[in-house]
Amino acid sequence: MTEQTFRLTYSTMYDPPEELHTNFEAEVAKIKANLGNEFGMIIDNQDVFTDEKFEDHSPINTDMVLGIFQEGGKKYADEALASSRRAAKSWNKTPWQERVALVRAAGNRINERVYELGAVISLEVGKNRMEALADAAETADLMLYAADQVEENNGFVVKMGQDPIVGYTATNYSILKPYGVWVVISPFNFPGALTGGPVGAALVAGNTVVMKPATDTSWTARIIAECFREAGFPDGVVNFVSGRGSTTGQALIDNPEVDGVTFTGSYDVGMKIFRQFANGEYPRPTILEMGGKNPAIISKNADLDRAAQGVYRSAFGLQGQKCSATSRVYVEEQVYDELTSKLEALTKNTILDDPTKQATFMGPVANKYAYQDFKTFTEELSQAGEFLAGGKVRTEGEYGKGYYCEPTIATNVPLDHRLWKQEMFLPITMLAKVKNLDEAMKEANDVAYGLTAGFYGNKEETQWFFENIEAGVTYANRPQGATTGAWPGFQPFGGWKGSGSSGKNAGGHYYVQLYMHEQVNTVIE
Ligand code: NAP
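Calculation notes
- Residues numbered from 1 in each chain as written.
- Predicted model: local features only at pLDDT ≥ 70, side-chain atom pairs only at ≥ 80, totals over all residues.
- Heavy atoms only, no water.
- Helix = DSSP H or I, 4+ residues; strand = E, 2+ residues; numbered from the N terminus.
- Rg over C-alpha atoms; globule rule 2.2 N^0.38 Å.
- Buried < 20%, exposed > 50% of the residue type's maximum accessible area, 1.4 Å probe, protein only.
- Areas by Shrake-Rupley, 256 points an atom, 1.4 Å probe, with all protein chains shown as cover.
- Lys, Arg positive; Asp, Glu negative; His and termini not counted.
- Charge placed at Lys NZ, Arg CZ, Asp CG, Glu CD.
- Contact = heavy atoms within 4.5 Å.
- Pairing = 2+ DSSP bridges.
- Axes fitted to C-alpha atoms, helices over the stretch in contact; angles between N-to-C directions.
- Near = heavy atom within 4 Å.
- Polar contact = N/O pair within 3.5 Å; in protein donor to acceptor, adjacent residues only side chain to side chain.
- Nonpolar A, V, L, I, M, F, W, Y, C, P; charged D, E, K, R; others polar.
- Domains from an automatic or database assignment.
- Salt bridge = Lys/Arg side-chain N within 4 Å of Asp/Glu carboxyl O.
- Core = buried A, V, L, I, M, F, W, Y, C linked by side-chain atoms within 4.5 Å.

S.K.: Tell me about the overall build of the protein chain, and name the residues and values.
M.R.: Counting its regular elements, the protein chain contains 14 helices and 22 strands. Against the compact-globule benchmark of 24 Å for 525 residues, the protein chain has a radius of gyration of 23 Å, which places it among compact chains. Each principal axis of the C-alpha distribution contributes one length, and for the protein chain these read about 75 × 60 × 50 Å. Residues classed as buried in the protein chain amount to 60% of the 525 residues present. Summed over its atoms, the accessible surface of the protein chain is roughly 20700 Å², and 50% of this surface lies on carbon and sulfur atoms. Side chains of the protein chain give 48 positive and 67 negative charges; the mean places of these two sets differ by 2 Å.

S.K.: Give a description of the environment of P213 that names residues and reports values.
M.R.: Summarising the element assignment, P213 is placed in the loop between β9 (208-212) and α7 (218-231). Judged by relative accessible area, which is 2%, P213 ranks as buried. In this structure, the C-alpha to C-alpha distance between P213 and P191, residues 22 residues apart in sequence, is 7.1 Å. Discounting chain neighbours no more than four positions away, the residues touching P213 are S186, S218, A221, F240, V241 and G243.

S.K.: Account for the sheet that holds strand β5 (residues 65-70), with residues named and values stated.
M.R.: Taken in spatial order, the three strands make up an open sheet running β1-β5-β4, and their pairing is mixed. Taken across any chain shown, the strands that pair with only one partner, and hence form the sheet edges, are β1 (37-38) and β4 (53-57). Against the sheet, α7 touches β4 and β5, its axis set at about 65 degrees to β5.

S.K.: Describe in detail the site of the ligand, supporting the description with residues and values.
M.R.: Taken together, 32 residues are adjacent to the ligand, and S186, T215, S266, M290 and E423 come closest. Between the ligand and A214, the relevant distance is 3.3 Å, taken from an oxygen atom to a main-chain nitrogen or oxygen of the residue. With respect to the ligand, the side chain of S266 contributes an N or O atom lying 2.6 Å from an oxygen atom. Protein contacts shield 86% of the accessible area of the ligand, which totals 900 Å² for the unbound molecule. Among the elements of the structure, α8 (245-254), β11 (260-264) and α9 (267-277) are those that each provide at least two residues to the shell around the ligand. Partitioning the shell around the ligand into residue classes produces 14 nonpolar, 13 polar and five charged. The two domains that each donate at least three residues to the shell around the ligand are domain 1 (18-290 + 502-524) and domain 2 (294-487).

S.K.: Describe unusual backbone geometry, listing the residues and the values that go with them.
M.R.: In the Ramachandran plot, N45 falls in the positive-phi region, its phi being about 70 degrees despite a non-glycine side chain. Take N45: it is sitting in the loop between β2 (41-43) and β3 (46-48). The exposure class of N45 is buried, given its relative accessible area of 15%. The backbone of Q319 shows a phi angle near 60 degrees, a positive value even though the residue is not glycine. Among the residues examined, Q319 registers a relative accessible area of 0% and is labelled buried.

S.K.: Would you mind going over the pattern of salt bridges in detail, with residue names and values included?
M.R.: Scanning the model with the defined rule gives 31 salt bridges in all. We note a salt bridge from R113 to E116, for which the minimum N-O separation is 2.8 Å. Take E116: its relative accessible area is 22%, and that puts it in the partly exposed class. Of the charged contacts, one joins E226 and R113 as a salt bridge, the two residues approaching to 2.8 Å between their closest N and O atoms. Of this pair, E226 sits in helix α7 while R113 sits in the loop between α3 (96-112) and α4 (114-125), and the two are 113 residues apart along the sequence. Judged by its relative accessible area of 12%, E226 falls in the buried class. Among the charged side chains, a network of salt bridges with common partners joins D47, R109, E112, R113, E116, R222, E226, R229 and E230.

S.K.: Explain the nonpolar core to me, using residue names and the numbers behind them.
M.R.: Core analysis: the largest hydrophobic core is formed by 107 residues, its most contacted members being L8, L203, F228, F233, I298, V512 and Y515. For this core, the leading source of residues is helix α5 (residues 129-152), giving eleven residues. Shared between two domains, this core takes at least three residues from each, and those domains are domain 1 (18-290 + 502-524) and domain 2 (294-487). The residues touching I298, leaving out its near neighbours within four places in the chain, are L304, A307, V311, V329, Y330, V331, E332, L339 and Y456. Grouped together as the second largest cluster of nonpolar side chains are 29 residues, M424, L426, A453 and A471 included.

See below:
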């Protein structure tokens, strides 16, 4: 395979050309030889340092200090917003063609630094190399997709009908215009795509932006911020602050200068932001992308090899720390035993190791809280049911230096147990035997979330699945992943119910418009 024919996505990542491996390894070696540098925030295109700092440790080996970052707090959150407000005066009015060109330049810059970004993501989050490179590549693709959307829609300037007023000529235009100043708060698990993607969309729509990443993934976001600076955005159009969510993030949310926010993260923090934003002087757009409790349904007519492969990859890829991870599997009783033995075989062969190594499928979970949660949840599940695989953390030898958790499949847990409904966000999936597909669908939809869902079965059943499932991204008969693996332009990503607020998916036809409000211009000549 040559580079020209290979396009890295979550679906194609299982068979990459050799070049991806050599480039990635070279970057990891380079980065590891130069760890522990200090990185500023970026406000007004200047590096900004504070007295309070924090260390960014790798979950692969917590002795590894990746970098030193700034604890921004309220002072710098406010400063960054003031900078964005100043820059908004002219950026909001910049012609869309210039905005498109600059966002494309930033996307191209990400592509030029894709191996560096991928290597940092792998070291910061614990993603295996292909997942990390895909996150980096998706960052650029989301930005470029939003730019394409603005261009294809002619900047969202639409000539409307002429109203039939006798004796006058009326001209009507509908124009989408930016809101002003936008805040992007992103999670640790896709620190590239879920920072750069919304920032790119907000910018190409004409807003200025303050971005605040998860504390655990400040380095990834800093590289993205550098790419925007290198692309040549005017001072203050893109600002980057680091620091804790409870202080720096909260200060951004509290500041009335904010005209709109994109938050991706947990349901609890997302709903807190939603309620708080509702207390403002008037309604402001609040794009929330929150958790998931994603089901896979397996019919007696399914191709069970595909089903087992898809569930395995989606349950344990990125250690189950994807919002789209398969965390519940409902299997028709006729094929339950066969499916579970296939899934068990795949799971027991998992390579759990340093995620920068080529053979590794699973790395460590991202931080000590997730590691502790794993121990708590597996203890609870061991009392309620049994483990088909996993159930333990690994501590022997090198494992003891990081946060390594076994891929875990829980069975025979009563369907009324609370963990069927609560997102665990870990390499834990739960399997249930069901009498028929109707029972499976009832259980699948009986949660507060509605992010992704997967199905394995025949053609008629697949149609029934699409008609009845309550989720924003749905897949059928997919070995590459039962519920994971969305990509801009192919599977726009977003959730229903408690998984998302906008009802429109990122990387799709209706997304960039969320960052603009409509103005209608009527002129009578
Ligand atoms: P999180 O704890 O909710 O944090 C998300 C972001 O919010 C982080 O930057 C965090 O900063 C910040 N934050 C925390 N408290 C805040 C506050 N009071 N005000 C403002 N910002 C605050 O989520 P996470 O653990 O990083 O990510 C995992 C969650 O994200 C899961 O629930 C997952 O399903 C969801 N997720 C959803 C999607 C989607 O597209 N629907 C995609 C990916 C992940 P700190 O890191 O400093 O705390």
